[in-house]
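Okay, here's what each chain looks like letter by letter:
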Amino acid sequence: MTNSEQVIERAMTFVAVSKALREREQERRAAWKRRVDISRPLPPLPRGFQLSLKLDR
């Protein structure tokens with residue numbers, strides 16, 4: 001294998017590793033965002049708001 005082929009091979013390996021790390025970090029951030037969205041409290045209901053209960057069905 002020539003020197004230029006080795007350099008190309010190392011560069012391609014570096015690109016593959018970088019892509020895998022970026023995808024893993026992106027998934028970690030998405031999972032964190034889902035946890036944050038779930039943990040947010042529900043907005044308060046306005047005062048005097050009454051839910052209708054349909055008991056006749």
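Our subject is the structure that appears above.
Attention here is on the structure that accompanies the text. (Residues numbered from 1 in each chain as written. Predicted model: local features only at pLDDT ≥ 70, side-chain atom pairs only at ≥ 80, totals over all residues. Heavy atoms only, no water.)

## Regarding the overall build of the chain
Line of reasoning, step 1. The helix and strand inventory of the chain stands at 1 helix and 0 strands.
Line of reasoning, step 2. Its C-alpha radius of gyration of 27 Å places the chain more than 25% over the 10 Å reference for a compact globule of 57 residues.
Line of reasoning, step 3. Dimensions of the chain, computed from the C-alpha atoms along their principal axes, are close to 80 × 25 × 10 Å.
Line of reasoning, step 4. Counting every atom, the chain has about 6300 Å² of accessible surface; 60% of that belongs to carbon and sulfur. (Helix = DSSP H or I, 4+ residues; strand = E, 2+ residues; numbered from the N terminus. Rg over C-alpha atoms; globule rule 2.2 N^0.38 Å. Areas by Shrake-Rupley, 256 points an atom, 1.4 Å probe, with all protein chains shown as cover.)

## What to know about the pattern of salt bridges
Line of reasoning, step 1. Inspection of every chain in the model, using the stated rule, returns 3 salt bridges.
Line of reasoning, step 2. Residue Arg-34 is joined to Glu-27 by a salt bridge in which the shortest nitrogen-to-oxygen separation is 3.4 Å.
Line of reasoning, step 3. By relative accessible area, Arg-34 is classed as partly exposed at 46%.
Line of reasoning, step 4. Here the salt bridges share partners, and the residues they tie into one network are Glu-25, Arg-28 and Arg-29. (Salt bridge = Lys/Arg side-chain N within 4 Å of Asp/Glu carboxyl O. Buried < 20%, exposed > 50% of the residue type's maximum accessible area, 1.4 Å probe, protein only.)

Worth remembering: the numbers are spatial, not functional.
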